[in-house]
Amino acid sequence: MMQTSHPYKRTINLADARLGTQAIFVTDDWFADVNRMLQPEPPVWKEGVFDDNGKWMDGWESRRKRFEGYDHAIIRLGVPGFIRGVDIDTSYFTGNYPPSASLEACFCAEGDPTAQTHWTPILPAVDLQGNSHHFHDTSHQDQPWTHLRFNIYPDGGVARLRVYGMPYRDWSDVADDEQIDLAAALNGGRALACSDEHYGTISNLINPGRGINMGDGWETARRRTPGYDWAILSLGHPGVVEKIIVDTLHFKGNYPDSCSIQAAYVKGGTESQIETQSLYWKELLPSQKLQMHQEHEFSVELKDLGPITHLRLNIFPDGGVSRLRVLGHVYRG
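Residues numbered from 1 in each chain as written. Predicted model: local features only at pLDDT ≥ 70, side-chain atom pairs only at ≥ 80, totals over all residues. Heavy atoms only, no water.

Trainee: How should unusual backbone geometry be read in this particular structure?
Mentor: Glycine aside, residues mostly have negative phi angles, and peptide bonds mostly take the trans form. Omega for the peptide link from Y153 to P154 comes to -10°, which places this bond in the cis form. By secondary structure assignment, the location of P154 is in the loop between β10 (145-153) and β11 (157-158). Residue P317 follows F316 across a cis peptide bond; omega there is -15°. Within the fold, P317 resides in the loop between β20 (308-316) and β21 (320-321). For N131, which is not a glycine, the phi torsion comes out positive at approximately 50°. Residue position: N131 is located in the loop between β8 (120-127) and β9 (133-137). Of the residues examined, N131 reaches a relative accessible area of 32% and is grouped as partly exposed. (Helix = DSSP H or I, 4+ residues; strand = E, 2+ residues; numbered from the N terminus. Buried < 20%, exposed > 50% of the residue type's maximum accessible area, 1.4 Å probe, protein only.)

If you want it as structure tokens, here you go:
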């Protein structure tokens, strides 16, 4: 079952295991490990595959409950964040999905929740169907969360839990002269728009670590018309850029021939207009030749634009980039 489009494209999945999100407690995951539910790839069906406990399923699945109560999992987000919407995905769970589910959240300044932790409901119990996506808006919440308690009633299986939102970071603990990756997802960076993401999504550009394969990057289709491809990112905090790293790891016969970067300090307009605004942004990094399967560092090549909030990576004419790092210091203006 293919992952469907959703209304939260300008957010990130805070429940993505690649960000460090993990389940730290589960009442029961007899049939399928709870942490499978947090994997970034769309769930898959493996016909005829069984393990010692039963049919192998790509998600979290608990046993059939034979007593009162319900199952739940406590999830520590890899980065605290403001939650705008959720997708409870029951792909391939047909006779074994939970009839309903709910979601609670808490903010722990340090450590993990205890028995005394107060949990705030952010999604009341909702009905579920088998082999389906269930999108629900939670944008009424106006505070960041660090942990989730995902409840299923009374038992069953969920393929993926996706929690869409915006990362939160306390920037007061970052020194003015500290060099930091201003575009990193863990620092609040977001991928906003692109010309094409046929093979890999632009959000991969700002994920932690280096890419694990070509699929863990941004790759466009082969261009058959004049022009070039581009991706627009929003920094987690306004900043002054000191170094750019363009990583083409794993891209060998399909890396871009060259790249350039435009940037600006955006003060007005909406994110839906960001593509139009980017037409007039100044050049931060003039065109640079790229090589396959390696990191390219640029510092002396950068133009002094002062503080910026957004940038546009242009690749000529097309191809794949694994990661983009934007190193600099915060601007508190």
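Once the structure has been displayed, the description carries forward.
Trainee: I keep staring at the UniProt feature "domain: Allantoicase" (unreviewed entry) in the protein chain and nothing clicks. Help me out?
Mentor: The positions that UniProt labels "domain: Allantoicase" (unreviewed entry) are, in the present scheme, residues 20-166 and 188-330. Annotated as 0% helix and 46% strand, the span residues 20-166 places its first and last C-alpha atoms 15 Å apart. (UniProt positions renumbered as here; feature names shortened; annotations may be inferred.)

Trainee: What is the right way to look at the environment of Y97 in this model?
Mentor: Relative to the elements of secondary structure, Y97 occurs in the loop between β6 (71-89) and β7 (100-106). Residue classification places Y97 among the partly exposed residues on the basis of a relative accessible area of 26%. Sequence separation between Y97 and G157 is 60 residues; the distance between their C-alpha atoms is 4.7 Å. Leaving out residues up to four positions away in the same chain, Y97 has contacts with T90, L128, Q129, G130, D155, G156 and G157. (Contact = heavy atoms within 4.5 Å.)

Trainee: What should I look at first to understand the side chain of K65 in this one?
Mentor: Residue position: K65 is located in the loop between β5 (60-61) and β6. A polar atom in the side chain of K65 sits 3.2 Å from the side chain of D71. (Polar contact = N/O pair within 3.5 Å; in protein donor to acceptor, adjacent residues only side chain to side chain.)

Trainee: Sorry if this is basic, but what is going on with the nonpolar core here?
Mentor: The tendency in soluble globular proteins is for nonpolar side chains to be buried as a group. Core analysis: the largest hydrophobic core is formed by 65 residues, its most contacted members being M37, I88, L148, F150, I244 and L324. A total of seven residues in this core trace back to one element, the largest contributor, which is β6. When residues of this core are sorted by domain, at least three fall in each of domain 1 (12-167) and domain 2 (180-330). Counting residues in hydrophobic clusters, the runner-up holds eight residues, among them L192, W230, I274 and W281. (Core = buried A, V, L, I, M, F, W, Y, C linked by side-chain atoms within 4.5 Å. Domains from an automatic or database assignment.)

Trainee: So what exactly am I meant to see when it comes to the domain arrangement of the protein chain here?
Mentor: How big an interface is tends to be stated in terms of accessible area lost as the parts join. The assigned domain composition of the protein chain is domain 1 (12-167) and domain 2 (180-330). Between the C-alpha centres of domain 1 and domain 2 there is a distance of 32 Å. Opposite the seven residues of domain 1 that make contact, domain 2 presents nine residues. Summed over both sides, the interface of domain 1 with domain 2 buries roughly 690 Å², with 65% coming from carbon and sulfur. Linking domain 1 to domain 2 there are one salt bridge. Taking the shortest distance from any N to any O, the salt bridge between R18 and D216 comes out at 3.2 Å. Our count for the domain 1 to domain 2 interface comes out at two residue pairs in polar contact (both at pLDDT 80 or more). At the level of elements, β6 and β12 (160-167) are the ones that each hand at least two residues to the side of domain 1 that touches domain 2. Taken together, the residues of the side of domain 1 that touches domain 2 sort by class into five nonpolar, one polar and one charged. (Buried area = accessible area lost by both parts, 1.4 Å probe. Salt bridge = Lys/Arg side-chain N within 4 Å of Asp/Glu carboxyl O. Nonpolar A, V, L, I, M, F, W, Y, C, P; charged D, E, K, R; others polar.)

Trainee: Where do I start with the state of the cysteines in this structure?
Mentor: Covalently bonding the sulfur atom of one cysteine to the sulfur atom of another cysteine gives a disulfide. All told, the structure shown has zero disulfides when counted by the stated rule. No disulfide involves C106; its sulfur sits 3.9 Å from that of C108, the nearest cysteine. (Disulfide = S-S within 2.5 Å.)

Trainee: What should I look at first to understand the packing of aromatic side chains in this one?
Mentor: Pairs of aromatic rings are described using the distance from one ring centre to the other and the angle between the two planes. Within the structure shown, the criterion is met by eight aromatic pairs. Both rings, one in W45 and one in Y92, keep their centres 6.2 Å apart while their planes meet at 35°; by these two values the pair is tilted. Of this pair, W45 sits in the loop between β2 (22-26) and β3 (50-51) while Y92 sits in the loop between β6 and β7, placing them 47 residues apart in sequence. For the ring pair Y70 and Y153, a centre distance of 4.8 Å and an interplane angle of 55° mean the geometry is tilted. Within this pair, whereas Y70 is found in the loop between β5 and β6, its partner Y153 is found in strand β10, the two being separated by 83 residues in sequence. A relative accessible area of 37% means that Y70 is categorised as partly exposed. Members of the aromatic cluster, each reached through a chain of ring pairs, are F82, F107 and Y168. A cation over an aromatic ring shows up here: K55 above the ring of W45, its NZ or CZ 4.2 Å from the ring centre. The ring of F50 has K55 sitting right over it, with the charged end atom 6.0 Å from the ring centre. (Phe/Tyr/Trp six-rings, centres within 6.5 Å; stacked < 30°, edge-to-face > 60°. Lys NZ or Arg CZ within 6 Å of the ring centre and 35° of its normal.)

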